[in-house]
Amino acid sequence: MLKPLNILGDGTPLNLPGAKLRYYESFFNKKEASNYFIEILNTTTWKRDKIKVYGKTYMQPRLTALYANNALPYSYSGIKMHPEKMTHILSEIQNRIHKVSNNVFTTVLINQYRNGNDSNGWHADNEKELGKNPIIASVSFGSDRFFHLKHKEKKELRFKILLKSGSLFFMEGETQTHWLHQIAKTSQPVGTRINLTFRKII
């Protein structure tokens, strides 16, 4: 059973065993969130790639895009993505995030969850391009979706947090070493969610 994660929405750090999380519930106000959602939805070059899971190939259950300040590719689940040049609006969002993070991000992986059938299975952001103990900054626009966490070894540690439109969520420290996360499918009626995950590719 996934328990609701009691995490303050003002960026106060929450330290789970082997993890560090920060959540800003209203990092962008409602008008900003709505405007960013519409702009990114309509101007992003969306793709739907095939992914490999346990040796089998599937169509990815969401749309994605990669943008960066450099030309370095990013690989996961058998996919190698080559970035497009960071847009003005993505740079604007990135610069806002830099004001509350010591990490300088280079790349943003964008996910579009079109409805409750779109998802992202259990995984850790631990690809070699991200280096040791990467910091992931996750921005949400559009419909709210639950973000699930589970410890890799302590099976009883399973949590969920509702990521709201306009929110900013950080995974820091050794989170990717000890924890998995996902956006699960839901039978509840939900609209489109756009998720920007900023990271540093080295």
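Definitions and limits used
Residues numbered from 1 in each chain as written. Predicted model: local features only at pLDDT ≥ 70, side-chain atom pairs only at ≥ 80, totals over all residues. Heavy atoms only, no water. Helix = DSSP H or I, 4+ residues; strand = E, 2+ residues; numbered from the N terminus. Expected span 1.5 Å × (residues − 1). Buried < 20%, exposed > 50% of the residue type's maximum accessible area, 1.4 Å probe, protein only. Arc of directions from axis to C-beta. Contact = heavy atoms within 4.5 Å. Polar contact = N/O pair within 3.5 Å; in protein donor to acceptor, adjacent residues only side chain to side chain. Core = buried A, V, L, I, M, F, W, Y, C linked by side-chain atoms within 4.5 Å. Salt bridge = Lys/Arg side-chain N within 4 Å of Asp/Glu carboxyl O. Phe/Tyr/Trp six-rings, centres within 6.5 Å; stacked < 30°, edge-to-face > 60°. Lys NZ or Arg CZ within 6 Å of the ring centre and 35° of its normal.

Observations concerning helix H1 (residues 30-43)
Spanning 14 residues, H1 covers 20 Å between terminal C-alpha atoms, matching the ideal 20 Å at 1.5 Å per step. Among the residues making up H1, those that are buried are Ala33, Tyr36, Phe37 and Ile40. Angularly, the buried residues of H1 cover 105° about the axis, an arc narrow enough to put them on a single face. Looking at H1, the residues exposed on the side facing more than 90 degrees away from the buried face are Lys31 and Asn42. Its buried side turned inward, H1 meets helix H2 (88-98), strand E9 (107-113), strand E11 (136-142) and strand E16 (193-199). A distance of 3.1 Å separates the backbone nitrogen of Lys31 from a side-chain oxygen at the start of H1, and that oxygen is part of Asn29.

Structural notes on the nonpolar core
Formed by 27 residues in total, the largest nonpolar core has its most connected members in Leu21, Phe147 and Phe169. Looking at this core, the elements with two or more residues in it are strand E2 (20-24), strand E6 (74-76), strand E7 (79-81), E9, strand E12 (145-151), strand E13 (158-163), strand E14 (168-172) and strand E15 (179-183). Per-element tally for this core: the top contributor is E13, with three residues. Apart from residues lying up to four places away in sequence, Phe169 is in contact with Ile7, Leu21, Arg22, Tyr23, Ile136, Ala137, Ser138, Phe147 and Leu163. One finds Phe27, Ala65, Phe170 and Leu196 within the second-largest nonpolar core, a separate group that totals 25 residues.

Observations regarding the side chain of Gln112
On the secondary structure map, Gln112 appears in strand E9. Overall, the relative accessible area of 7% leaves Gln112 in the buried class. Dropping the residues within four chain positions of it, Gln112 is found in contact with Leu41, Trp46, Arg62, Leu63, Asp118, Thr192, Arg193 and Ile194.

Concerning the pattern of salt bridges
Should the charged atoms of two oppositely charged side chains come close, the side chains can pair. Throughout the structure, instances matching the rule amount to five salt bridges. A salt bridge links Asp49 to Lys47, with the nearest nitrogen and oxygen atoms 3.8 Å apart. Take Asp49: its relative accessible area is 15%, and that puts it in the buried class. Under the relative-accessibility criterion, Lys47 is labelled partly exposed at 40%. Of the charged contacts, one joins Arg114 and Asp118 as a salt bridge, the two residues approaching to 2.7 Å between their closest N and O atoms. Classification of Arg114 by relative accessible area gives partly exposed; the value is 31%.

Details of the side chain of Thr175
Tracing the backbone shows Thr175 in helix H3 (residues 175-178). Here Thr175 falls in the buried class, since its relative accessible area comes to 3%. Beyond its immediate sequence surroundings of up to four residues, Thr175 is in contact with Gly18, Ala19, Lys20 and Leu21.

Details of the packing of aromatic side chains
By the definition in use, this model includes 11 aromatic pairs. Ring geometry for Tyr24 against Phe170: centres 6.4 Å apart, planes inclined by 75°, an arrangement best described as edge-to-face. Taken as a pair, Tyr24 in strand E2 and Phe170 in strand E14 lie far apart in primary sequence, 146 residues in all. A single burial state applies to Tyr24 and to Phe170, both of which are buried. For the ring pair Tyr74 and Tyr76, a centre distance of 5.8 Å and an interplane angle of 35° mean the geometry is tilted. You'll find Tyr74 and Tyr76 in the same group, each marked buried. Members of the aromatic cluster, connected to one another through ring pairs, are Tyr24, Phe27, Phe28, Tyr36, Phe141 and Phe170. Stacked on the ring of Phe170, the Lys or Arg Arg22 has its end atom at 4.2 Å from the ring centre. The cationic tip of Lys160 hangs over the ring face of Phe146; the distance from NZ or CZ to the ring centre is 4.6 Å.

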